[in-house]
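Residues per chain, in single letters:
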Amino acid sequence: MSADPGSLRVRPSGPQTLDGTGLVALDAVGTIVGRATLSRMYGARGELRLELAPTGIIALALIEATERAARERGLVALELDASVTGDRLVADLRRARATRDEHRGTDLHVTWTPTG
């Protein structure tokens, strides 16, 4: 698996709809090294699920691609459920984006505005 951001490609996977998309990150030889899903929640808000992101570089590549997909769908806010996402990935997101914390019961959701 390559950690070189220049060798990563992110492309859609599965059905692409107005309400969501799947994305995969591929290394230089085409091996899937990351996977994420964007789902419309309500209004102009979407949820990002990082299903496979073993490094911060891969996570950020998926986040950037998800933000592009969110903007294409008219979404103005994204969130990540921190209670089901690794602490390291949440920390990577917080370093890369201006985030807010929202508590829903015992769950912590990290929210931000898609950049670009």
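Notes on the structure in this doc start here. Predicted, not measured: the structure shown is a model, and the values here were computed from it.

Describing the overall build of the protein
When you go through the protein residue by residue, the secondary structure sums to two helices and seven strands. Against the compact-globule benchmark of 13 Å for 116 residues, the protein has a radius of gyration of 13 Å, which places it among compact chains. Taking the principal axes of its C-alpha atoms as reference, the protein extends roughly 40 × 30 × 25 Å. The long-range fraction of contacts in the protein, counting pairs at least 24 apart against all pairs at least 6 apart in sequence, stands at 50%. With an accessible surface of roughly 5,800 Å², the protein has 54% of that area assigned to carbon and sulfur atoms.

Regarding helix H2 (residues 87-96)
Helical periodicity: at 3.6 residues per turn, an α-helix aligns residues three or four positions apart in one direction. Those residues of H2 lying buried are Leu89, Val90, Asp92 and Leu93. Each buried residue of H2 lies within a common arc of 155 degrees when the element is viewed along its axis, so the set occupies one face. When the buried face of H2 is taken as reference, the exposed residues oriented beyond 90 degrees from it are Asp87 and Arg95. Considering only its buried residues, H2 is in contact with strand S4 (45-52), helix H1 (56-72), strand S5 (77-81), strand S6 (99-104) and strand S7 (107-112).

Overview of the environment of Thr115
Of note, Thr115 is situated in the segment after S7. For Thr115, a relative accessible area of 35% corresponds to the partly exposed category. When the C-alpha atoms of Thr115 and Ala77 are compared, they prove to be 9.9 Å apart, with 38 residues separating the residues in sequence. Excluding residues within four positions of it along the chain, Thr115 makes contact with Glu67, Arg71 and Arg97. Among the polar contacts listed, one links the side chain of Thr115 to the side chain of Glu67, at a separation of 3.1 Å.

What counts, and where the lines are drawn
- Residues numbered from 1 in each chain as written.
- Predicted model: local features only at pLDDT ≥ 70, side-chain atom pairs only at ≥ 80, totals over all residues.
- Heavy atoms only, no water.
- Helix = DSSP H or I, 4+ residues; strand = E, 2+ residues; numbered from the N terminus.
- Rg over C-alpha atoms; globule rule 2.2 N^0.38 Å.
- Contact = heavy atoms within 4.5 Å.
- Areas by Shrake-Rupley, 256 points an atom, 1.4 Å probe, with all protein chains shown as cover.
- Buried < 20%, exposed > 50% of the residue type's maximum accessible area, 1.4 Å probe, protein only.
- Arc of directions from axis to C-beta.
- Polar contact = N/O pair within 3.5 Å; in protein donor to acceptor, adjacent residues only side chain to side chain.

No statement about biological role is implied by the geometric values presented.
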